[in-house]
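Survey of secondary and tertiary structure
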Amino acid sequence: MIVLDTHVLLWWLNGDSSLSSRARNAIRREQTGEHGSILVSAISAWEIAMLVQKERLALTMDVADWLDVAAATEGLRFVPLDSDLLLQSTRLPGAFHSDPADRMIVALARHLNVALVTSDQQIRSYKHVRTIW
């Protein structure tokens, strides 16, 4: 089981070469493994929709359709936000930046005690979450 950061989800599903080989291999292992699971926080859907709305991201289809296609990807599951995860995102140990989406994604990975696949250097340098890049 792994958690994907928003940009990793986009890069993976769009076949972007920005995805590291280590990240790609971790995703492939989860997708093809018998008990593999690729998790994405529901906040990533919001982030993607906001990027499209602000014209910082262009998709080949309507954002709702893109998210439906993403959700239908084998092995991938969007994890809803709940009050426990939201609370955990406000109580991350140590120093971590204030971006709410990043905090929720990190809280999910910590809650499940799984690695977070991300290229984000601020997250990768945070010693309280395991990362893959």
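Residues numbered from 1 in each chain as written. Predicted model: local features only at pLDDT ≥ 70, side-chain atom pairs only at ≥ 80, totals over all residues. Heavy atoms only, no water.

Another aspect to go through is the nonpolar core. Grouped together as the largest cluster of nonpolar side chains are 23 residues, with contacts concentrated most on Leu-4, Leu-9, Trp-12, Ile-27, Ile-48 and Trp-66. Dropping the residues within four chain positions of it, Leu-4 is found in contact with Leu-9, Trp-12, Ile-27, Ile-38, Leu-39, Val-40, Ile-105, Leu-116 and Val-117. Counting residues in hydrophobic clusters, the runner-up holds 19 residues, among them Ala-101, Ile-105, Leu-116 and Val-129. (Core = buried A, V, L, I, M, F, W, Y, C linked by side-chain atoms within 4.5 Å. Buried < 20%, exposed > 50% of the residue type's maximum accessible area, 1.4 Å probe, protein only. Contact = heavy atoms within 4.5 Å.)

Ordered in space as β3-β2-β1-β4-β5, the five strands form an open sheet in which the pairing is parallel. Single-partner strands in this sheet number two, and they are β3 (76-79) and β5 (131-132). Across three bridges, strand β1 (residues 2-4) lies against strand β2 (residues 38-41) in parallel orientation. Paired with Val-3 across the bridge in β2 is Leu-39. The sheet contacts of helix α1 (residues 6-13) involve β1, β2, β3 and β4 (115-117), and relative to β1 the element is tilted by about 90°. (Pairing = 2+ DSSP bridges. Helix = DSSP H or I, 4+ residues; strand = E, 2+ residues; numbered from the N terminus. Axes fitted to C-alpha atoms, helices over the stretch in contact; angles between N-to-C directions.)

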